[in-house]
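Notes for the structure review
Here is what each chain is made of, one letter per residue.
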Amino acid sequence: MRILVADDDPTYQTLLQAYLSEWGHEVTLVEDGAKAWEYLSSDYPPLLALVDWMMPEMDGMEVVRRIRGKKDTPYIYLILLTAKDQHEDLVEAFSVGVDDFLKKPVEPEELRARLNVGVRVVEYELALAESNSQLEVYASEMEKLAEERAKQLVHADRMATLGLLTAGLAHEINNPATFISGNLQMMKSVWPILENIIKGQLEQGDAENAGKLEFIQKEMPGVIQGMENGVRRIAGITSGLKSYARQKKQEAHPCNLNLRVEAALDLCRNALKYQVEVHKELADELPVVMADTQQIEQVLVNLFMNAAHAVEERGGGDLFVTTRLQNSAVQVIVEDTGTGIPPEKLDRIWDPFFTTKPVGKGTGLGLSIVKGIVEDHKGTIIAENRKDGGTRFTLSFPVSGGH
Amino acid sequence: MSVRMLVVDDEEEIRSMLARHYTLKDFEVVTAENGAEALKVLENQHVDIAISDIRMPEMDGVQLLRIIREQYPMVRVIMITGYVTLSNALACMRRGADTVVFKPLLDLDEIDQSVELSLAALQRWQEKLRSLQGMKREGRTDPL
């Protein structure tokens, strides 16, 4: 063990160094209190010290007082060396924080015994400190887990409430959307008749209203178009809401994810064919998972469509689809070289109505539907950005155990 | 002879929208707020085609459909619904609806096509009926 010896007496220096070295310790020798303090207050101090009481510059008591007053330092076992006549003051020394004392002249056997006590205490302190820091690590890990779990629960709760809400909401929006759109189509179908009347009116030279009539003739198609776009968008949202508030998981069947990948790619062929190069790496003999084939296809189609949009925004790129067996889970990895997801938004992508697409382009429901389905299947999905740009989604489903 | 259509929906705006749309297409349109009201209409006047919502208070569309099938088998029925559930739609088809059309009716073409199909079916039946009535008349006059 590393031991600091602080003594201004050269004889003691030689003596102590000789004994300590012989007993296998590593000795640091200083000849005054200031130097002792310098060593003991360093970042990695020796954990055992023999300090002479009477020293120039700073006496042993002062060194002890300072060390005990210093915070954030490992425990240093301090043995005070005293002359006989100081014996009465030992009570004070202990109260300041000395662990032990040795009377001069020092008896080698006593020194050895007392040092061994010190070594034991230091080792015990070290072990304690280590298990404390380990406990701290555990505690912070537990805290993190608890926080994550709480987040998940809040999320799940929000999802359940939203599920109920959206079903009702979708229906409420659906009806007005129906009659707006129906009336609009009627208006559109009668517009040519009205337009002819306006034309006739203009040809007859209705000077008074000519300006207004021309304006109406010019603007009406735009008015109808605008309303049509609006209704179409509303319909997109309600249909998203309805699949979001979908019914419970339908009956699960043994399902080969390779086939589902192929089927989903097939469904997305039109969206992928111009700007996306598809690379497949599908594992041979992939075990089956118990799943609802339609829902799994919906998940994959959503991911492929997102990838297609992200890649198109960059003017083209690749889509990599990999299936593999990892531990006892079947994984589908969907990667693209598209625009990626801003890191600060990564943990919000699963929230309903959260979208990075321009207004009117996405409902923000796709990925929350995806996550819902995957979790219904006892699976997990992880989203991350790839090092060289683009996004990676990793889906894991438990392998079906038996039948 | 104009075709009489019954539109059943608890949402007034949808009733009048469909009524306007089909009046413009030369149908004679009557409306009802729910299944019970629709049955009153059926008791009092001849109806060729009924378009009915599924979810309604008082009597819903599925119940109405069942009664129409039992008591007015010649009426063609088209269901419209905002609830896209396969089981819902299948239940209606099994009970004898001509079609189920999903709301929102972004394109009235879909329901128009259903109406046309129903009309064609109606005409086939009417022709058959006329030829059957002709045969009866012949049968009756023959021995005289």
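Described in the following lines is the structure provided in the data block. (Residues numbered from 1 in each chain as written. Chains lettered and ligands numbered in written order. Predicted model: local features only at pLDDT ≥ 70, side-chain atom pairs only at ≥ 80, totals over all residues. Heavy atoms only, no water.)

**Let's talk about the overall build of chain B**
Counting its secondary structure elements, chain B contains 5 helices and 5 strands. Counting from the amino terminus, chain B carries its helices and strands in the arrangement β-α-β-α-β-α-β-α-β-α. Looking at the 144 residues of chain B, the share that counts as buried comes to 47%. Partitioning the contacts of chain B with sequence separation of at least 6, the portion at a separation of at least 24 is 63%. For chain B, the exposed surface amounts to about 8000 Å²; the carbon and sulfur share of it is 51%. (Helix = DSSP H or I, 4+ residues; strand = E, 2+ residues; numbered from the N terminus. Buried < 20%, exposed > 50% of the residue type's maximum accessible area, 1.4 Å probe, protein only. Contact = heavy atoms within 4.5 Å. Areas by Shrake-Rupley, 256 points an atom, 1.4 Å probe, with all protein chains shown as cover.)

**Concerning the interface of chain B and chain A**
With 18 residues of chain B in contact, the opposing surface of chain A contributes 19 residues. Both sides together, the interface formed by chain B and chain A hides about 1700 Å², and carbon and sulfur atoms give 61% of it. Taken together, the connections running from chain B to chain A amount to 0 salt bridges. In this assembly, chain B and chain A are joined by 4 residue pairs in polar contact (both at pLDDT 80 or more). Looking at the side of chain B that touches chain A, the elements that each hand over two or more residues are α1 (12-24) and α5 (108-141) of chain B. In terms of residue count, α1 of chain B provides more of the side of chain B that touches chain A than any other element does, 6 residues in total. (Buried area = accessible area lost by both parts, 1.4 Å probe. Salt bridge = Lys/Arg side-chain N within 4 Å of Asp/Glu carboxyl O. Polar contact = N/O pair within 3.5 Å; in protein donor to acceptor, adjacent residues only side chain to side chain.)

**Here we look at the sheet that holds strand β10 (residues 329-336) of chain A**
Residue and element names in this part refer to chain A. Taken together, 5 strands build an open sheet; the order of strands is β7-β9-β10-β12-β11 and the sheet is mixed. At either end of the open sheet lies a strand with only one pairing partner, and these are β7 (276-282) and β11 (380-385). For this sheet, the mean angle separating the axes of adjacent strands, direction not counted, is 15°. Across 7 bridges, β7 lies against strand β9 (residues 317-326) in parallel orientation. Looking at the pairing, Glu-281 lines up with Thr-322 of β9. Along the sheet, helix α9 (residues 293-313) makes contact with β7, β9, β10, β11 and β12 (391-398), crossing β10 at roughly 20°. With respect to the sheet, helix α10 (residues 366-376) is in contact with β11 and β12, its orientation differing from that of β11 by roughly 140°. (Pairing = 2+ DSSP bridges. Axes fitted to C-alpha atoms, helices over the stretch in contact; angles between N-to-C directions.)

**Describing the packing of aromatic side chains**
As enumerated under the stated definition, the model contains 4 aromatic pairs over all chains in all. Seen from their ring centres, Tyr-19 of chain A and Trp-23 of chain A are 5.5 Å apart, and the 25° between their planes marks the pair as stacked. According to the relative accessible area criterion, Tyr-19 of chain A is partly exposed, its value standing at 26%. With a centroid separation of 5.4 Å and 85° between ring planes, the pair formed by Tyr-22 of chain B and Phe-27 of chain B is classed as edge-to-face. (Phe/Tyr/Trp six-rings, centres within 6.5 Å; stacked < 30°, edge-to-face > 60°.)

**Regarding the pattern of salt bridges**
A full pass over the atoms with the stated rule returns 25 salt bridges over all chains. Salt-bridge contacts for Lys-103 of chain B lead to Asp-53 of chain B; the nearest nitrogen and oxygen are separated by 3.5 Å. Here Asp-53 of chain B lies in strand β3 (residues 49-53) and Lys-103 of chain B lies in the loop between β5 (99-102) and α5, a separation of 50 residues in the sequence. Overall, Lys-103 of chain B belongs to the buried group, its relative accessible area being 2%. Each of the salt bridges in this network shares a partner with another, and the network as a whole consists of Glu-62, Arg-65, Arg-66 and Glu-92 of chain A.

**Regarding the sheet that holds strand β4 (residues 77-82) of chain A**
All names here are of chain A. Reading across from one edge, β2-β1-β3-β4-β5 is the order of the 5 strands in this open sheet, with parallel pairing throughout. The open sheet has two free edges, formed respectively by β2 (26-30) and β5 (100-103), since each of these has just one partner strand. Neighbouring strand axes in the sheet, compared pairwise and without regard to direction, differ in orientation by 20° on average. Bridge analysis of β4 against β5 gives 4 bridges, and the strand direction is parallel. In the strand pairing of β5, Ile-79 is matched with Asp-100.

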